[in-house]
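One-letter residues, chain by chain:
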Protein chains: 4
Amino acid sequence: MICNYGNDLKEMVDQVRIHTKHGKLADYIPALMKANPDDIAISIFDGQQTCFSEGNHQQLFTLQSISKILTLALAIMDHGEELVFDKVGMEPTGDPFNSIAKLESHVPSKPLNPMINAGALAVSALIKGASTEEKLNRLLIFVRELSGNDSITYSKEVAKSEFETADLNRSLAYFMKQHQVISGDIDHLLDFYTKQCAIEVNCNDLARIGFVLSNNGKDSTGKRIIPVEVSRIVKTFMVTCGMYNASGEFAIRVGIPAKSGVSGGIVCAVPNKMGIGIYGPALDRKGNSIAGMRLLELLSEKYELSIF
Amino acid sequence: MICNYGNDLKEMVDQVRIHTKHGKLADYIPALMKANPDDIAISIFDGQQTCFSEGNHQQLFTLQSISKILTLALAIMDHGEELVFDKVGMEPTGDPFNSIAKLESHVPSKPLNPMINAGALAVSALIKGASTEEKLNRLLIFVRELSGNDSITYSKEVAKSEFETADLNRSLAYFMKQHQVISGDIDHLLDFYTKQCAIEVNCNDLARIGFVLSNNGKDSTGKRIIPVEVSRIVKTFMVTCGMYNASGEFAIRVGIPAKSGVSGGIVCAVPNKMGIGIYGPALDRKGNSIAGMRLLELLSEKYELSIF
Amino acid sequence: MICNYGNDLKEMVDQVRIHTKHGKLADYIPALMKANPDDIAISIFDGQQTCFSEGNHQQLFTLQSISKILTLALAIMDHGEELVFDKVGMEPTGDPFNSIAKLESHVPSKPLNPMINAGALAVSALIKGASTEEKLNRLLIFVRELSGNDSITYSKEVAKSEFETADLNRSLAYFMKQHQVISGDIDHLLDFYTKQCAIEVNCNDLARIGFVLSNNGKDSTGKRIIPVEVSRIVKTFMVTCGMYNASGEFAIRVGIPAKSGVSGGIVCAVPNKMGIGIYGPALDRKGNSIAGMRLLELLSEKYELSIF
Amino acid sequence: MICNYGNDLKEMVDQVRIHTKHGKLADYIPALMKANPDDIAISIFDGQQTCFSEGNHQQLFTLQSISKILTLALAIMDHGEELVFDKVGMEPTGDPFNSIAKLESHVPSKPLNPMINAGALAVSALIKGASTEEKLNRLLIFVRELSGNDSITYSKEVAKSEFETADLNRSLAYFMKQHQVISGDIDHLLDFYTKQCAIEVNCNDLARIGFVLSNNGKDSTGKRIIPVEVSRIVKTFMVTCGMYNASGEFAIRVGIPAKSGVSGGIVCAVPNKMGIGIYGPALDRKGNSIAGMRLLELLSEKYELSIF
């Protein structure tokens, strides 16, 4: 099977490229408007020496919401499940990722899950570190380990741009501070949060990160980077709420644990098989890479990757 | 592995029996109050001749919400995916199973998924048949095929009791009629809906129904009863929204496609492995069998059944 | 002052007539589509022998939501304040008149006020009478007394049309039945409710009804028809929530207790001064007579009728 | 009539004093916990030389939400109606004064009225002034003019206490900033907002402020302080949404334009008759002075002050 990836990928990427025309770049984060909307790329890593890639897989882009699964893993490793899930729930929500309504209507006020912004902010507030710099450094080390890429860092430009336009996230954070879901300085939290969203990777990096999750927490050399239980929790959230408000449909159409970001990236972890990295910045209405979604559907069908 | 089920099950059931004391019977459907809250039973069917069972596995109980996955399968088989999902969405919701709020706030008005009452009503309205009797008959034939049990029928007493107290479901149905999600006579729909909820099964029946789903739509003799794609769709909904507002946590703690009902039943489909039927009418606060949930957690852990 | 009404009214009506072009007929009740959208009429009654009228003031139209203040008055007269306000609240709501959301989010479930549909249904359920016919008869007698017009009855055609399309009101009613806000047969309630909405009046009738309220419950002969306290309660609701979602703005711009209906009617009660009846079926976006609103603004300004 | 106020007031105050036992101090603003919960005081000012007062009418307390009507008046005087009501609506809301839900569900995002926190923040952001100090100074000058009391200032202690615990208001403000309802620095806005809430007055001051509103904007010497139209708008909001979620009931039971604060103060403006100031820090569940509400009910009944 593996030997065919190369040709198959090229064919599939060619086939879905047309879909990039029907999507558009995320316009609410100014820095993301610089991407090329025609880009579509994929990398697959199954633990062998190299990734199978197609398209512009060297193109750097920022993690955005993909960072949510990484800070979640790190927070659980920092504090254990119990403490983390005392601050954030485990249930999918039918509301948009940036919604505040349920924080008000639910008693006690607690974000429904770590994949919506409120939940991700609450999780970020838990990362250990004496300063934003230290927290970010710990997260970067973690991401570098997962991807095996020591050069990964964050984009100061994107982070700055997002920090300045993060009023909705500030609103969510202050609301949770009022209700004792989070504590501490909100500007420091936003600083860390926007920097974690601005971490830059390429498709290969995502494929390798996805591989570790697919491999129950071990990298391709067999080194354990995430505890089994944590990798399982992360994959579960990827299925129930990893693709914004299209998670349910994605689970049916594709059936692979995946997390997307509005930069156009998607990381997938096919249990016990492979990690996949996608990049396609033209988004559909729900904020997912429009060509990337179609590409994963073809891939899942052809290689029977659905977990269901 | 299989040869151990017998002893293991007895041990596990003994271990979780204490939890029945911390739950309580569903009190909003009068007929359900007649159950014995101490009951806890399980059946496992892996396609071999008999089920492995423990506890009072012959006890009959009504399907209640478990019927939602069966009418969904039948509706898709009747009309195809496209038509069904034109009437009902695919996304999990953070709201209670009987909530009406999102029908009002979402434009267009459309139930978020077929596992909440509004969605199940919309799906039930699609079942083919010239009369309630014919629709119900078709559903009963389907359930008998899935379970291999020709004696399955519905409880007139429970159906009558539910029909008379179904004002909230009437409210949901008329709301959707106003918004053209459903059409036709609402009393007829409620008649069919409450009868489908009142279909009586035992643990063995559920295990065999779960097996067909786990076996991609074929029964143990190899006979196809549900198309592959339909069985995959059903299992996906079981994971993303099968356990009411505890679906997310259940996916993390257990990781098995499952659907519960307020009668205390749970049907599980472990992909390519087995079907499981649970009965334990003492419920937790979210409406799931309290001892049954614990039993599945033990089982999943011991036999590594999680799909994640 | 009074002697000028005649000329003033003509001038004002001419001035606002142009606004009828910017509104449109209510389209969700088929029977209302037969009205002439260009119509605009007014009657003023200050207790003297005749009304001052302008425009087509003999044109019959149905009360629709205007009936809400009449059933409220009758229900309080039937049962006293305490019982009525145990079933329905006194607070304005920022939600649309036909909204169901707050019935779900408020504990206990109780309509916020009697001017929204849910509240009016709860109030209608309280009207004394052994049958729908008897209830309706009692209400008609009350309306005839208020207006001094013995020929008032209801439109069977409009009532039938509304009954058949009242699925949203049925949804509200069943929801409240589930929560014990109302009891009894819902179809009977809807029958009464749609008939009360279909009571036909003209501008003169409304002006005389408004006069009784403005005169603290006595008609122009000095005969008490409504207790002082009840007429005060009704006028208060007219100010806080009489004009749908435009009540607050109307209170600022006009400042007169008023109740509108989607047929284009408006009844006003200027405390201790006069009753006003308006008819103008072309509605603004919020469901109020578009030219009628402007006419009342001019009138209030010219004669300083605001209570504030 | 006037000559009786003195005796009547004493009797009424004695009568309602027992109600103070059934309320409690606002506990979410630490500084307010220092008040004496047994206090109940009233002042009436009808434009004659002195106020009629009873109880501890010299006791200073902070304006809290009462300030909302003053900044509203000043903002309209600064910018005109049109600009102000482009930022904030005119409609009552059934939601709590500090709710954020409707900012999210309404399109465009805009606070429903200036009496809820979101609306008051939007209005405060409009007050002219190059700095917080200048804005506050302008507001203080305005309050001193209205009350005829040049010594009025704000409590630094209360302002500081509220600023530090204002996370919910920060959340509201950032949410509105995201949606372009307000602009500028949020910390500066919160600084001004918490200081305006901390302006200290006594009952006599409130009675005189209420008198100006009741007298259509002129003080007792005939000097115009607020334009007629502005004083009318303010009184209208006091009726439709001046008493938190009890505004509707207060309009029915009392029928006087009034605005309360969680410090226990209430300012009333009886049109063309008098201003009333109330102080009673023991609050009912909805945040209004529990004895003060009862006192106003007695007063309105005895002197027939209801505008309805």
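Residues numbered from 1 in each chain as written. Chains lettered and ligands numbered in written order. Predicted model: local features only at pLDDT ≥ 70, side-chain atom pairs only at ≥ 80, totals over all residues. Heavy atoms only, no water.

The name given to chain A in an unreviewed UniProt entry is Glutaminase, with the source organism recorded as Halalkalibacter suaedae. Of the comments in the UniProt record for chain A, the one headed Sequence similarities (unreviewed entry) reads "Belongs to the glutaminase family." The UniProt entry for chain A carries this comment under Subunit (unreviewed entry): "Homotetramer." (UniProt positions renumbered as here; feature names shortened; annotations may be inferred.)

Asker: Report on the layout of surface pockets, specifying residues and quantitative values.
Answerer: In this model, the second largest pocket occupies a volume close to 1200 Å³. Considering the residues around the second largest pocket, the lining is formed by 38 residues, among which C:Ser306, C:Ile307, C:Phe308, D:Pro271 and D:Ile307 are closest to the centre. Of all the elements in the fold, those that place two or more residues in the lining of the second largest pocket are α11 (228-241), α12 (247-253) and α13 (290-303) of chain C together with α11 (228-241), α12 (247-253) and α13 (290-303) of chain D. The greatest single-element share of the lining of the second largest pocket, amounting to five residues, is contributed by α11(D). (1 Å grid on protein atoms, 1.4 Å probe; cavity = no way out; pocket = protein on both sides within 12 Å on 5 of 7 lines; lining within 4 Å. Points joined across faces, edges and corners; volume = space filled by probe spheres on them. Helix = DSSP H or I, 4+ residues; strand = E, 2+ residues; numbered from the N terminus.)

Asker: I'd like to hear about the interface of chain C and chain B, residue by residue, with values.
Answerer: The interface of chain C with chain B comprises 15 residues on the first partner and 15 residues on the second. Taking both partners together, chain C and chain B bury about 1300 Å²; carbon and sulfur atoms supply 57% of that area. Of all residues in chain C, C:Glu104, C:Asp167 and C:Tyr174 bury the most surface against chain B, accounting for 39% of the area lost on that side. Where chain C touches chain B, the interface holds zero salt bridges. One can count nine residue pairs in polar contact (both at pLDDT 80 or more) joining chain C with chain B. When contributions to the side of chain C that touches chain B are tallied by element, the ones reaching two or more residues are α4 (101-105) and α8 (167-178) of chain C. Of the residues in the side of chain C that touches chain B, the class split is six nonpolar, five polar and four charged. (Contact = heavy atoms within 4.5 Å. Buried area = accessible area lost by both parts, 1.4 Å probe. Salt bridge = Lys/Arg side-chain N within 4 Å of Asp/Glu carboxyl O. Polar contact = N/O pair within 3.5 Å; in protein donor to acceptor, adjacent residues only side chain to side chain. Nonpolar A, V, L, I, M, F, W, Y, C, P; charged D, E, K, R; others polar.)

Asker: Please set out the side chain of A:Lys68 residue by residue, giving values where relevant.
Answerer: All names here are of chain A. When you line up the elements, Lys68 lands in helix α2 (residues 67-79). Among the polar contacts made by the side chain of Lys68, one reaches the main-chain carbonyl oxygen of Met115 at a distance of 3.4 Å. For Lys68, the residues in contact, after removing those within four places along its chain, are Phe97, Pro114, Met115, Ile116, Asn117, Ala120, Tyr193 and Lys259.

Asker: Before we move on, can you summarise the UniProt feature "binding site: substrate" (unreviewed entry) in chain A with the specific residues and values?
Answerer: All names here are of chain A. The sites that carry the UniProt feature "binding site: substrate" (unreviewed entry) are, in the present numbering, Ser65, Asn117, Glu162, Asn169, Tyr193, Tyr244 and Val262. Inspection of the secondary structure assignment puts Asn169 in helix α8 (residues 167-178). Overall, Asn169 belongs to the buried group, its relative accessible area being 13%. Non-local contacts of Asn169, meaning those with residues more than four positions away in its chain, are made with Asn117, Leu121, Leu190 and Tyr193. A polar atom in the side chain of Asn169 sits 3.0 Å from the side chain of Asn117. (Buried < 20%, exposed > 50% of the residue type's maximum accessible area, 1.4 Å probe, protein only.)

Asker: An account of the relation of the copies chain B and chain A is needed here, citing residue identities and associated values.
Answerer: For the match of chain B to chain A, the screw axis carries a shift of 0.0 Å, the RMSD comes to 0.0 Å, and the turn is 180°. One copy is carried onto the other by what is essentially a two-fold rotation axis. Across chain B, the rotation axis passes nearest the C-alpha of B:Thr93, at a separation of 2.3 Å. A share of 100% of the interface residues of chain B reappears at the interface of chain A, consistent with the copies meeting face to face through the same patch. (Least-squares fit on C-alpha atoms with pLDDT ≥ 70 in both.)

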